[in-house]
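Listed below are the residues making up each chain.
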Amino acid sequence: MEKKSDGMSLERIINQLGSLKDNSEDFARNEKDEPDSIWREDIATLEEAISILSDLQDYGCSTADEFRDWFHDVKLMQKEYQSMHRRFRVEERPYHRDGVWHCPACDHRVMPKHSFCHWCGKKLGGW
């Protein structure tokens, strides 16, 4: 079963990660020998996570749920952009059938040497 988020704020998460980083630094300082590399890696990882979450806050996300929603929207927009790019920016050669030129995307008739299909907007080329 999927766990429901409690809507924890990014500020609260950042503060908790900062506390974990401070504790890790204390553990690393208190080691009698040279600090174990795992503490250095933990500290570096926590610093990076704090930096990422701070950047998300700067972009207007205040909770983890808002970030998930934003990221979902970005992924949808990326798919839409790719689809639009293929249609309106990538040329395809019309094909000739029954004495007439046809759009490779929608199969409607197109006029020779047109740059775009007037029916669907597909970019035409390779005449």
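Rules and cut-offs
- Residues numbered from 1 in each chain as written.
- Predicted model: local features only at pLDDT ≥ 70, side-chain atom pairs only at ≥ 80, totals over all residues.
- Heavy atoms only, no water.
- Helix = DSSP H or I, 4+ residues; strand = E, 2+ residues; numbered from the N terminus.
- Rg over C-alpha atoms; globule rule 2.2 N^0.38 Å.
- Buried < 20%, exposed > 50% of the residue type's maximum accessible area, 1.4 Å probe, protein only.
- Contact = heavy atoms within 4.5 Å.
- Areas by Shrake-Rupley, 256 points an atom, 1.4 Å probe, with all protein chains shown as cover.
- Lys, Arg positive; Asp, Glu negative; His and termini not counted.
- Charge placed at Lys NZ, Arg CZ, Asp CG, Glu CD.
- Phe/Tyr/Trp six-rings, centres within 6.5 Å; stacked < 30°, edge-to-face > 60°.
- Core = buried A, V, L, I, M, F, W, Y, C linked by side-chain atoms within 4.5 Å.
- Salt bridge = Lys/Arg side-chain N within 4 Å of Asp/Glu carboxyl O.
- Pairing = 2+ DSSP bridges.
- Axes fitted to C-alpha atoms, helices over the stretch in contact; angles between N-to-C directions.
- Parallel < 35°, antiparallel > 145°, perpendicular 65-115°, else oblique.
- Left-handed = near helix turned anticlockwise from the far one by under 90°.

Draft legend 1. Focus on the overall build of the protein chain. Within the protein chain, the secondary structure is distributed over three helices and three strands. Beginning at the N terminus, the succession of helices and strands in the protein chain can be written as α-α-α-β-β-β. Radius of gyration (C-alpha) of the protein chain: 27 Å, far over the 14 Å computed for a compact globule of 127 residues. Across its three principal directions, the C-alpha atoms of the protein chain cover 85 × 35 × 30 Å. For the protein chain, buried positions account for 20% of its 127 residues. Of all intrachain contacts in the protein chain linking residues separated by at least 6 positions in sequence, the fraction that spans at least 24 positions is 45%. Working note: accessible area of the protein chain is about 9,900 Å², and carbon and sulfur atoms make up 53% of it. Averaging the locations of the 19 positively and 25 negatively charged side chains of the protein chain gives two centres separated by 15 Å.

Draft legend 2. Representation of the packing of aromatic side chains. Summed over all chains, the structure comprises four aromatic pairs. By the ring-pair criterion, three or more aromatic residues cluster together here, those being F67, W70 and F71.

Draft legend 3. Focus on the nonpolar core. L10, I14, L17, L46, I50, L53, L56 and C61 form the largest nonpolar core, which has eight residues in total. Residue contributions to this core peak at four residues, all from helix α2 (residues 37-58). Look past the residues within four positions of I50 in its chain and what remains in contact with it is I14, L17, G18 and K21. Counting residues in hydrophobic clusters, the runner-up holds five residues, among them C103, V110, C117 and C120.

Draft legend 4. Quick look at the pattern of salt bridges. For the structure on display, the rule yields six salt bridges. A salt bridge links D26 to R29, with the shortest nitrogen-to-oxygen separation between them at 2.3 Å. Taken together, the residues span about one helical turn, with D26 and R29 both in helix α1 (residues 10-30) at a distance of three residues. Overall, D26 belongs to the partly exposed group, its relative accessible area being 34%. Take R29: its relative accessible area is 57%, and that puts it in the exposed class.

Draft legend 5. Broad picture of the sheet that holds strand β1 (residues 95-97). Within the open sheet, the three strands sit side by side as β1-β2-β3. Their pairing is antiparallel. For this open sheet the edge positions go to β1 and β3 (109-110), each flanked by a neighbour on one side alone. Strand direction decides the pairing type here: strand β2 (residues 100-102) and β3, joined by two bridges, are antiparallel. Its bridge partner lying in β3, W101 is registered against V110.

Draft legend 6. Highlighting the packing of α1 against α2. At a minimum axis distance of 9 Å, the contact between α1 and α2 shows a crossing angle of 160 degrees. Here α1 is positioned roughly antiparallel relative to α2, judged by the angle of their axes. Between α1 and α2 lies a crossing of left-handed hand. From α1, L10, E11, I13, I14, L17, G18, L20, K21, S24, E25, F27 and A28 reach across to α2, where they touch W39, D42, I43, L46, E47, A49, I50, L53, S54, L56 and Q57.

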